[in-house]
Amino acid sequence: MAVDTTVPDPRPTRRWASLSVAAGAVLAVLIALVITGVGGPEAARAVTAWGLLVTASAAAAGCVWRSRGFTGRARWGWGLLASGVFLWGLGQFGWFTQWTVPGVSGNLFPFLGGLGLIGLVVLIPAGVLTLPSASQPLVNRLRSVLDGLLIASSLVVVAWVFVIGPRVGDGGPGPAVYFTLLFPLTDIVIATILAYMLPPQRRRHGCGSDLAFFGTGMVAFAITDLGHVYLELLGDFSAAPFVHLPSLAGYTLILIGAIRPRDGDAKPLDLPPAVWSTAVLVPYLAVLAALGSSVMFHLQTGHNHPLVVWGRSVLILLIVGRQLLTQLENRALTRTLESRVTERTAELHAREQWFEALIRHSSDVVTVIDADGLIRYQSESMRRVFGYPPEAFVGRRYTDLVDDEVALRLAQAMRQVAARPFADVTLEVVHTHRDGGRRPSEVIITNLVDDPHVAGFVLNTRDISERMELQEQLMHEAYHDSLTQLANRALFRERAATAMRGTGAVTVLHLDLDGFKRVNDSLGHLAGDQLLVQVADRLRGCVRDGDLVARFGADEFGVLLLGEDENGAEPVARRILDDLDAPVMFGERQIHVRASIGLAGTGSPEQAGATEPAIAGDGAGDRAEQLIRNADLAMHHAKASGGGVFSGYHPRMREGLVDRLELESDLRAALENGDLRLHYQPTVDLATSEVIGFEALARWPHPTRGMINPLDFIPIAEATGLIVPLGRWVLHEACRQAVEWGMAGDGRPPKMSVNVSVRQFDRADLSEMVSTVLAETGMPADRLCLEMTESVLMTDTEANLEQLLRLKALGLTLAIDDFGTGYSSLAYLRRFPVDTLKIDRSFVERLGVIADDTALTDTIVRLGKSLGMATVAEGIEEFGQLAALREMGCGFAQGYYFSRPVPAAEAGRLFLEGANA
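Residues numbered from 1 in each chain as written. Predicted model: local features only at pLDDT ≥ 70, side-chain atom pairs only at ≥ 80, totals over all residues. Heavy atoms only, no water.

Draft legend 1. Structural detail: the overall build of the protein. Broken down by element type, the protein carries 33 helices and 21 strands. Put simply, the protein has 917 residues, and 45% of those count as buried. The long-range fraction of contacts in the protein, counting pairs at least 24 apart against all pairs at least 6 apart in sequence, stands at 68%. Roughly 44700 Å² of accessible area belongs to the protein as shown, and the carbon and sulfur atoms make up 58% of that amount. (Helix = DSSP H or I, 4+ residues; strand = E, 2+ residues; numbered from the N terminus. Buried < 20%, exposed > 50% of the residue type's maximum accessible area, 1.4 Å probe, protein only. Contact = heavy atoms within 4.5 Å. Areas by Shrake-Rupley, 256 points an atom, 1.4 Å probe, with all protein chains shown as cover.)

Draft legend 2. Local environment of the environment of Ala478. For Ala478, the location among the structural elements is in helix α15 (residues 465–479). On a C-alpha basis, the gap between Ala478 and Arg489 in space is 9.8 Å, while along the polypeptide they are eleven residues apart.

Draft legend 3. Structural view of the side chain of Thr777. Structurally, the position occupied by Thr777 is in helix α26 (residues 766–777). A residue is classified by how much of its surface remains accessible, and Thr777, at 12% relative accessible area, is buried. A distance of 2.8 Å separates a polar atom in the side chain of Thr777 from the backbone oxygen of Val773. With residues up to four places along the chain from it excluded, the contact list for Thr777 reads His732, Cys735, Arg736 and Val739. (Polar contact = N/O pair within 3.5 Å; in protein donor to acceptor, adjacent residues only side chain to side chain.)

Draft legend 4. Structural detail: the sheet that holds strand β1 (residues 364–369). In spatial order, the strands read β2-β1-β5-β4-β3; together these five strands make up an open sheet with antiparallel pairing. In this open sheet, the two strands that pair with only one neighbour each are β2 (375–378) and β3 (424–432). Taken pair by pair, the neighbouring strands of this sheet meet at an average axis angle of 25 degrees, ignoring direction. For strand β4 (residues 438–448) and strand β5 (residues 456–463), the ladder comprises eight bridges, and the chain directions are antiparallel. Bridge pairing links Ile444 to Asn460 in β5. Helix-sheet contacts for helix α14 (residues 404–418) involve β1, β3, β4 and β5, and the interaxial angle to β3 is about 170 degrees. Sheet contacts for α15: β3, β4 and β5; angle to β4, the most-contacted strand, approximately 120 degrees. (Pairing = 2+ DSSP bridges. Axes fitted to C-alpha atoms, helices over the stretch in contact; angles between N-to-C directions.)

Draft legend 5. Examining the packing of aromatic side chains more closely. Under the criterion given, the structure shown has 13 aromatic pairs. Here Phe492 and Phe552 contribute two aromatic rings whose centre-to-centre distance is 5.1 Å and whose plane-to-plane angle is 80 degrees, an arrangement assigned as edge-to-face. Of this pair, Phe492 sits in helix α16 (residues 489–500) while Phe552 is found in strand β7 (residues 548–553), placing the two residues 60 residues apart along the sequence. Of the two residues, Phe492 and Phe552, both sit in the buried class. (Phe/Tyr/Trp six-rings, centres within 6.5 Å; stacked < 30°, edge-to-face > 60°.)

Draft legend 6. Quick look at the sheet that holds β7. Across the sheet, five strands lie side by side as β7-β8-β6-β11-β12; this open sheet has mixed pairing. Among the strands making up the open sheet, the edge pair consists of β7 and β12 (646–648). Averaged over all neighbouring strand pairs, the angle between strand axes comes to 20 degrees, with direction disregarded. Bridging between strand β6 (residues 506–514) and strand β11 (residues 594–601) involves eight bridges; their strand directions are antiparallel. By the bridge assignment, Val508 is partnered in β11 with Ala600. Packed onto the sheet, α16 meets β6, β7 and β8 (556–562) and runs at close to 135 degrees relative to β7. Across the sheet, helix α19 (residues 566–581) is in contact with β6, β8, β11 and β12; its angle to β11 comes to roughly 170 degrees.

Draft legend 7. Just helix α21 (residues 620–640), in detail. Compared with an ideal rise of 1.5 Å per residue, which puts 21 residues at 30 Å, α21 spans 30 Å between its outermost C-alpha atoms and is within 8% of the ideal. Once α21 finishes, Gly642 follows within two positions and takes phi at roughly 120 degrees, a positive value. (Expected span 1.5 Å × (residues − 1).)

Draft legend 8. Representation of a nonpolar patch on the surface. Where nonpolar side chains cluster on the molecular surface, the patch consists of Leu281, Leu285, Leu288 and Leu291 and spans about 370 Å² of accessible area. Positionally, Leu281 belongs in helix α11 (residues 273–301). Residue Leu281 is classed as partly exposed on the basis of its relative accessible area, which comes to 46%. (Patch = residues over 30% accessible without salt bridge, like charges linked within 9 Å, V, L, I, M, F, W, Y side chains within 5 Å. Salt bridge = Lys/Arg side-chain N within 4 Å of Asp/Glu carboxyl O.)

Draft legend 9. Summary view of unusual backbone geometry. Despite not being glycine, Phe422 has its phi angle at roughly 65 degrees, a positive value. Following the sequence through the fold, Phe422 ends up in the loop between α14 and β3. In the Ramachandran plot, Ala455 falls in the positive-phi region, its phi being about 55 degrees despite a non-glycine side chain. Mapped onto the fold, Ala455 is located in the loop between β4 and β5. You can call Ala455 partly exposed: its relative accessible area is 39%.

Draft legend 10. Representation of the nonpolar core in the model. Membership of the largest hydrophobic core comes to 78 residues, with the highest contact counts inside it found for Met752, Val770 and Leu786. Discounting chain neighbours no more than four positions away, the residues touching Met752 are Tyr680, Phe694, Ala696, Ala734, Ala738, Trp741, Met779, Arg783, Leu784 and Cys785. (Core = buried A, V, L, I, M, F, W, Y, C linked by side-chain atoms within 4.5 Å.)

Draft legend 11. Examining the pattern of salt bridges more closely. Under the definition given, this model contains 30 salt bridges. In this structure, Arg462 engages Asp364 in a salt bridge whose closest nitrogen and oxygen atoms are separated by 2.9 Å. Taken together, the residues Arg462 in strand β5 and Asp364 in strand β1 connect sequence positions 98 residues apart. Note on Arg462: relative accessible area 34%, which makes it partly exposed. Ionic pairing is found between Asp858 and Arg862, a salt bridge with its closest N-O pair at 3.3 Å.

Draft legend 12. Highlighting the packing of helix α3 (residues 73–97) against helix α10 (residues 245–259). One can describe the packing of α3 onto α10 by two numbers: an axis separation of 12 Å at closest approach and a directional angle of 160 degrees. Regarding the angle of α3 to α10, the classification is roughly antiparallel. The crossing of α3 and α10 is left-handed. Taken together, the residues of α10 that come into contact with α3 (itself represented by Val85, Trp88, Gly89 and Gln92) are Ser247, Tyr251 and Ile254. Its residues assigned to classes, the contact of α3 with α10 shows four nonpolar, three polar and no charged. (Parallel < 35°, antiparallel > 145°, perpendicular 65-115°, else oblique. Left-handed = near helix turned anticlockwise from the far one by under 90°. Nonpolar A, V, L, I, M, F, W, Y, C, P; charged D, E, K, R; others polar.)

Draft legend 13. Spotlight on the environment of Gly598. Topologically, Gly598 is positioned in strand β11. For the pair Gly598 and Ser647, spaced 49 residues apart in sequence, the C-alpha separation works out to 5.0 Å. Apart from the residues within four sequence positions on either side, Gly598 is in contact with Val508, Leu509, His510, Ala631, Ala634, Met635 and Ser647.

Draft legend 14. Here's a closer look at the side chain of His431. Structurally, His431 can be placed in strand β3. His431 sits in the buried class, given a relative accessible area of 7%. With residues near it in sequence (within four places) discarded, His431 still touches Phe386, Tyr398, Val402, Val406, Gly437, Arg438, Arg439, Ser441, Val443 and Thr461.

Draft legend 15. Local environment of the pairing of β3. What you see with β3 is a clean split: Val425, Leu427, Val429 and His431 sit on the buried side and Asp424, Thr426, Glu428, Val430 and Thr432 on the side with no burial. Hairpin remark: β3 followed by β4, antiparallel, with five residues in the connecting loop; positive phi at Gly436, about 95 degrees.

Draft legend 16. Spatial organisation of the environment of Leu146. Within the element layout of this structure, Leu146 appears in helix α5 (residues 138–168). Residue class for Leu146 comes out buried when judged on its relative accessible area of 17%. Separated by 137 residues in sequence, Leu146 and Pro283 have C-alpha atoms that sit 9.0 Å apart. Those residues in contact with Leu146 that sit more than four places away from it in its chain are Leu318, Gly321, Arg322 and Leu325.

Draft legend 17. Representation of the pairing of strand β18 (residues 813–819) within the structure. Burial analysis of β18 places six of its seven residues in the buried class, which makes it a mostly covered element. Here strand β17 (residues 784–788) runs beside β18; their pairing, made up of four bridges, is parallel. The residue bridging Met788 from the neighbouring strand is Ile816, located in β18. Two elements, β18 and strand β19 (residues 836–839), share three bridges in a ladder whose sense is parallel. Opposite Ala815, over in β19, you have Thr836 as the bridge partner.

Next comes the structure, spelled out in structure tokens:
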């Protein structure tokens, strides 16, 4: 393989132009000396002889310099050209000088002439054929040689008829004339080969000027050699210096071409088809000229000269050879084309089989409907997904095969995309399975009517029953308490807001069990859970079917009474208290439970809180939230009265909010004075039982109130905006501590998880803040995980998506905390760049307690795996829960079973020594 190693020169064109002008000036001086005849005929011969030797040597040196810019065949080719040019010039020099060697008879011309013959006839053609040309294979090069011989032989015949024959008469020329004809014939053959090489070389590589100059030089040699034949024919060599002037120009042209810099920006040669057609016909035109000349010679003289006869025979043999080469090339081309067609056919067949197998085994049902509404194709997956044979659909109207409602929606969707080629639309419909079952389906309709390979509407139908069931399960979990199956606070608030949009009275009962903590502490969480379940059942029995009972959390419940004011709600409250007086059996043990109930209704404005300051927003949702808060205040008033009673809301109860304001002020001061602390709860790899990281949790040791529950001060921080500086402090301190632990261990900090609130996502500079903290602490971005709740995915979707993408670009990981307690579409999970799902503790609590209540947790683990996400289970407290999660394939876990949130010193020990798993 030839490799161009020429080093680019910053001023190559200017240098080449200067050298070309110098060479042209030397040539002009030599031509002037010969033409003017200064010094007489002998001086002209001497000038010509030495000029040929000097210019030939310079041309050979230029070819050697050219060869150094290549490797492989190109270097060898230019080396052979250099040798051939020098020897040919040496042979011409020997002919002119006829130098004699003292003591030896004769002169050096036979020896030098033989070297020149070798140079012209052997070395130069060998060099030309050695030069690499990917665009001109060997067969084409052989054809170019035959074309050159055809042209040269034809010119010999023409020259004989019009030039040589009339001068020699009936006699024949001497042997020297025939021998001398070899030189122009060789020149013409070489020039023809180069002429065929040059256009493909230029078109393919954008270069070839060096070969163009060399070919022009060979044409100049041919002119000289034709003139030499003529002098040989006349037997008078006095004009030899003039005849050899083209050779001087030829050597100069070869030199100029060899030293010309390679131009990488040269435009490829794009010749018109007519030029190529004419070039192909040139050899045949030359043969026709030779044959016409021979016929004319026969008509004029009445006989044929042996040279003409032999010339015609040679032409016929060359034509036969050229046709044989063409035939061989055509056969090889035919075999190649047949092979390529066979391979292409096999490839297309294999690809067709591949695509057919993909469609056959695809979970999507592919249907092609033409513009007239007829089904042209139905994939085999129709049988597997919906139970129908695909052949039952082909040739029929799709809208005739589905329910009327589905047909109407599909027709509307197809009209929607019909006006826009290649447009698509997605809709969800319910198809009927062959067994009569209803299957929710997602249909993507794509308009490929303008695609000639399809010419129809393509329907990709996917059975989404499992996805819808999972979404329904998640929605149920999002709006219901997992233990009691009552509504949760979110559903309670929505139902209350809906009721308050009407005109009827609405009353909220907020109920809190008295002494429930003692039950948990003395009898355990299982007894506490069973107590909550029985309390829920008793509450259901105390209200009407249209009313709503909810569990707000822990031991707090709510009752929404529709169409009742507080006066009408009081009998319900008494009935609840009476029912709760009955003991609850736990084995052989009786448990007595009491409750404190707060009432707040919309019946009287002063008790509904209408005279209180308005809260942010004036919608039904805000008014419902205020009503629930009023009931909560009334419940705390009832509990402060000793419990076991109910109390209605009064505006004076708001005075208890002063305590909240004081707590807010203390929190602001704690942030400024650095009184907050971080505790760390370890995250354990369930596969290796190793502590791989921590979740950073804020703790507030109040100077007078003691340790403040995060559930008390975090909502205050959220409401007041203090969560932003608090979140930055937590992030900075957690990253700093992780780097410190990494330096004390193996140099790699643990994975650190930090919670990010919705309020922080509202700030556009969140990603810049995180990047700054990472830079300040030296924390590797891939060791930081930011946790968010599902509400981030559901509020201000586009802005939060952009925020998440910016965070993800930093290299950190993102996790959804308490997954399953909110409602997020699976489409959002696929769209948002989330790495981890943290399974809420409410799912983990049921593992090992309720034997068959593991399906949803297992589904979430499998969902995480299918989406390429890690899963972390929260709230593990028992070995049975740990074993169940390991069996499901959950990756990581947190919980009191391993460790409670602990200060930094103890957490560092856990990281280095590990937790019990």
